[in-house]
Amino acid sequence: MTTSTPVLDTTIPTSNEDPFSQEVLADPLPFQRRLREAGEVVLLERYGVFAMGRYETVRAALLDWQGFESSAGVGITDFRKETPWRPPSLLLEADPPHHDAPRSVLERVLGPRALRELAPRWEADADDLIDEVLAQGIEFDAVESLAEAFPLRVFPDAVGIPADGREHLLPYGDHLFNSFGPENFLVQHGAPHIGEHSAWVNEQCARDRISPGGFGAAIWAAADRGDLTADQAPLVVRSLLSAGVDTTVHAIGAVLHAVATHPDAWAELRADPSLARVAFDEAIRLEAPVQTFFRTTTRDIELGGAHIPARNKILMFLGSANSDPRRWTDPERFDLSRDPSGHVGFGMGIHQCVGQHVARLEAVSLITALARRVESIQLIGTPERHLNNTLRAWKRMPMRVELA
Ligand code: OVM
């Protein structure tokens, strides 16, 4: 008689590549192609975890929250075996039923009403930022001057946290997203500083730090109504500060890179500014700021002929799913005439990014403001990648624009 041993199932294709190595993180597409070709589900021998890179498989796993749970953590660490480095997120690292109250509170807080109120302010803020940058000159680092500057200008104010100490936000998020991966060079580099970033972020979630009128105050108001407990409220605020800054910065970086390297797309966008939304989603499809998350199987699962035993970690490659030729025509092309909806860059199912409308409003406001003032965009040097175990990001993007 045979018993199946989790990581030695011979019916599953295996790979000894390291998706968290410097080489793969710097240029993940070749690895992703090999992963998709290897099979529906592949065992990553180095880490003893399973992986999936094809669109249909990733989508199916994302939709099956009963079979693929989040409450054991969405990083490589199994929270049932090891203590997580921070108290788990009530949204990202939770399953129904616990997930549902925080989720519906955030859906309301970040919903259409809030966005209608923010839109005119953010559009004016975007015009102001573009005016300020262009007043300094037509050459700049688009990462620092635009992709980082705009979210940092509008988002922390919208949450309602104090102005002091906001320099902790990006490094906090960067380490958090590294920490979903293995303890490699990136995690080791961030670890000595995470205590101070984390302490600052946690302090800003308290009721007495939060100013009236913003997302943070609305979360505390939900606690006062009884929709959340008083212990849940600060953790829900923490989710905004965790998931709402780096992700948006890198999404804007991705759109800016795309339009800088596709002059035809920029011309189309200038002629029809309503294309800014498609440009944003197409950039998320192509360069998903969040490249990967793990799930944990709650039971034995059969998938495309592969058997994944219960209680195993499985790494879902969102970026790879978004460039799977089985789903997308000419997938590695940035194309404003395609319909990118259905991409899994924001996830899919019950955990699908609750802040995506906020992110879209930020990006669209900025791109539209840029299109009003700028006739053409070019890179004036090779842009540099910023490496992160989870995020697809730019560190530096030297840019020159020609004024309209
Ligand atoms: C959270 C959280 C943190 C990072 C990412 C995320 C993309 C959520 O703390 O809830 O979603």
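Keep in mind that this is a model prediction, so the values were computed, not measured.

Asks: Just checking my understanding: could you explain the overall build of the protein for this structure?
Replies: Check the secondary structure of the protein and you find 15 helices and 13 strands. Taking 2.2 N^0.38 as the reference for a compact globule, 404 residues should give roughly 22 Å; the C-alpha atoms of the protein span a radius of gyration of 21 Å, in line with that estimate. In terms of overall dimensions, the protein has C-alpha extents of about 75 × 50 × 40 Å along its principal axes. In the protein, the proportion of contacts linking residues at least 24 apart, taken out of those at least 6 apart, comes to 73%. Summed over all atoms, the accessible surface of the protein reaches about 17,000 Å², with 52% contributed by carbon and sulfur. Averaging the locations of the 39 positively and 57 negatively charged side chains of the protein gives two centres separated by 3 Å.

Asks: What is the right way to look at unusual backbone geometry in this model?
Replies: Both trends apply: most residues other than glycine have a negative phi, and most peptide bonds are in trans. Geometrically, the link from Pro96 to Pro97 is a cis peptide bond, its omega value of 5° lying close to zero. Of note, Pro97 is situated in the loop between strand S4 (68-69) and helix H4 (100-109). At Arg311, a residue that is not glycine, the phi angle is positive and equals roughly 65°. Residue position: Arg311 is located in the loop between strand S8 (306-308) and strand S9 (313-317). Residue classification places Arg311 among the partly exposed positions, given a relative accessible area of 34%. One non-glycine residue, Asp330, lies in the positive phi region at around 45°. Its location among the elements puts Asp330 in the loop between helix H14 (318-321) and helix H15 (356-373). Looking at Asp330, the relative accessible area reads 47%, which means it is partly exposed.

Asks: Got a minute to help me understand the nonpolar core in this structure?
Replies: Soluble globular proteins tend to bury their nonpolar side chains together. Formed by 113 residues in total, the largest nonpolar core has its most connected members in Leu106, Phe215, Ile219, Leu256, Trp266, Ile377 and Met399. Within the second largest apolar cluster, 12 residues are counted, among which are Phe20, Phe31, Leu44 and Ala51.

Asks: Explain the sheet that holds strand S6 (residues 292-297) here, please?
Replies: Strand pairing in a sheet relies on backbone hydrogen bonds, with the paired strands running either antiparallel or parallel. Strand order in the open sheet formed by 6 strands is S1-S2-S3-S9-S6-S4, with mixed pairing between adjacent strands. On the outer flanks of this sheet lie strand S1 (14-15) and S4, each paired with one strand and no other.

Asks: Explain the site of the ligand here, please?
Replies: Every residue near the ligand is listed here: Arg86, Ser89, Leu92, Leu176, Phe177, Ser239, Ser242, Ala243 and Phe293. The side chain of Arg86 places a nitrogen or oxygen atom 2.8 Å from an oxygen atom of the ligand. Ser239 is positioned with one of its side-chain polar atoms (N or O) 2.6 Å from an oxygen atom of the ligand. For the ligand, whose free accessible area comes to 310 Å², the fraction covered by protein is 87%. Of all the elements, helix H10 (residues 232-243) adds the most residues to the shell around the ligand, at 3 residues. Residues belonging to the shell around the ligand are distributed by class as follows: 5 nonpolar, 3 polar and 1 charged.

Asks: Can you walk me through the sheet that holds strand S5 (residues 139-141) in this structure?
Replies: In spatial order, the strands read S5-S13-S10; together these 3 strands make up an open sheet with antiparallel pairing. Two strands lie at the open edges of the sheet, namely S5 and strand S10 (374-379), each paired on one side alone. Strand-to-strand twist across the sheet, computed as the mean angle between neighbouring axes with direction ignored, equals 30°. Relative to strand S13 (residues 398-403), S10 runs antiparallel, the two being bridged by 5 bridges. Along S13, the bridge assignment pairs Gln378 with Arg400. Across the sheet, helix H6 (residues 142-159) touches S5 and S13, and the angle it forms with S5 is around 65°. Relative to S10, H15 is tilted by about 110°, and along the sheet it contacts S10 and S13.

Calculation criteria
- Residues numbered from 1 in each chain as written.
- Predicted model: local features only at pLDDT ≥ 70, side-chain atom pairs only at ≥ 80, totals over all residues.
- Heavy atoms only, no water.
- Helix = DSSP H or I, 4+ residues; strand = E, 2+ residues; numbered from the N terminus.
- Rg over C-alpha atoms; globule rule 2.2 N^0.38 Å.
- Contact = heavy atoms within 4.5 Å.
- Areas by Shrake-Rupley, 256 points an atom, 1.4 Å probe, with all protein chains shown as cover.
- Lys, Arg positive; Asp, Glu negative; His and termini not counted.
- Charge placed at Lys NZ, Arg CZ, Asp CG, Glu CD.
- Buried < 20%, exposed > 50% of the residue type's maximum accessible area, 1.4 Å probe, protein only.
- Core = buried A, V, L, I, M, F, W, Y, C linked by side-chain atoms within 4.5 Å.
- Pairing = 2+ DSSP bridges.
- Near = heavy atom within 4 Å.
- Polar contact = N/O pair within 3.5 Å; in protein donor to acceptor, adjacent residues only side chain to side chain.
- Nonpolar A, V, L, I, M, F, W, Y, C, P; charged D, E, K, R; others polar.
- Axes fitted to C-alpha atoms, helices over the stretch in contact; angles between N-to-C directions.

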